[in-house]
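What the coordinates show
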Amino acid sequence: GLFSSVVSGMSYQLASAPVITSAVAGNQQIVVNWSVPSSLGGGVLSKYEIKENSTLVATVNAGSPTSATISSLTNGTPYSISIQAFTNVNGVEYGGAIASQDGLIPFSVPDAPANFQAFAVNGGVSLSWSEPANNGRAIIHYQIRKFVVNHLNQSINEENVITEDTDYNFSGLANGTKYRFDIR
């Protein structure tokens, strides 16, 4: 029989995965940094694609800093970030191996405790408050500051207390003395 027409080809390897050097969650964002793949598989690096939970969120061209900020995320929601290097071999672009990091949870500082109230009792003060929105991170404790208010109406920080509860009782206070409290 007859031979078909002649085709030529070239073998190549895909680029190895970039190495994620850091992935830091912040307020409604994740900042990810990576290093160039150890092998480009014989191609020329052209770009990186960054995906968040399989959705393309950024393209970074070769020669640009190997960093991306993924924003408009929901605090408290876990995200998976992946980075794939693309190389150009004879005018054709190929995606290499993928680096990924799971369980990144954006967060910000908690809101201020709500409904903060103080009730005077004989020789003390009973404080209570509602747990605020945690904004992506569990609240592990509250800090209460107690101030004595002097005759010039100046607050002098007298005591700091840490508690895990949403109430606290100060005892041993002098009746008739003015106190001020705040919490975070």
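Scroll up a little and you will see the structure.
Keep in mind that what you see is a predicted model, and the values were worked out from it rather than measured.

**Some details on the sheet that holds strand β2 (residues 29-35)**
Within the open sheet, the three strands sit side by side as β1-β2-β5. Their pairing is antiparallel. The sheet is open, and its two borders are formed by β1 (19-26) and β5 (67-70), each paired with just one other strand. In this sheet, adjacent strand axes meet at a mean angle of 15° when their direction is disregarded.

**A word on the sheet that holds strand β3 (residues 44-52)**
Adjacent strands of a sheet form backbone hydrogen bonds with each other and so pair up, either parallel or antiparallel. Strand order in the open sheet made by the four strands is β4-β3-β6-β7, with antiparallel pairing throughout. In the strand order of this sheet, the two ends are held by β4 (55-61) and β7 (92-104), each with one partner. Going across the sheet, the axis of each strand differs from the next one's by a mean of 20°, ignoring polarity. By the bridge criterion, nine bridges tie strand β6 (residues 79-89) to β7 in an arrangement that is antiparallel. Each residue of the ladder has a partner; that of asparagine 88, found in β7, is glutamate 93.

**Some thoughts on unusual backbone geometry**
Within the chain, serine 72 stands out as a residue other than glycine whose phi angle is a positive 60°. With respect to the helices and strands, the residue serine 72 is situated in the loop between β5 and β6. Phi is positive for asparagine 115, which is not a glycine, with a value near 55°. Mapping asparagine 115 onto the fold places it in strand β8 (residues 114-121). Judged by its relative accessible area of 52%, asparagine 115 falls in the exposed class.

**Here we look at the nonpolar core**
The biggest cluster of nonpolar side chains holds 20 residues, and the ones touching the most others in it are Ile30, Val32, Trp34, Tyr48, Ile50, Ile81 and Ile83. Listed by contribution, the elements that provide at least two residues to this core are β1, β2, β3, β4, β5, β6 and β7. Counting residues per element, this core draws most heavily on β6, which supplies four residues. By size, the runner-up hydrophobic cluster in this structure holds twelve residues, among which are Val161, Leu173, Tyr179 and Phe181.

**Considering the side chain of serine 108**
Looking at where serine 108 falls in the secondary structure, it is placed in the loop between β7 and β8. If we skip the residues at most four places from it in the chain, serine 108 touches Asn27, Asn75, Asn134 and Asn135.

Cut-offs used in this document
Residues numbered from 1 in each chain as written. Predicted model: local features only at pLDDT ≥ 70, side-chain atom pairs only at ≥ 80, totals over all residues. Heavy atoms only, no water. Pairing = 2+ DSSP bridges. Helix = DSSP H or I, 4+ residues; strand = E, 2+ residues; numbered from the N terminus. Axes fitted to C-alpha atoms, helices over the stretch in contact; angles between N-to-C directions. Buried < 20%, exposed > 50% of the residue type's maximum accessible area, 1.4 Å probe, protein only. Core = buried A, V, L, I, M, F, W, Y, C linked by side-chain atoms within 4.5 Å. Contact = heavy atoms within 4.5 Å.

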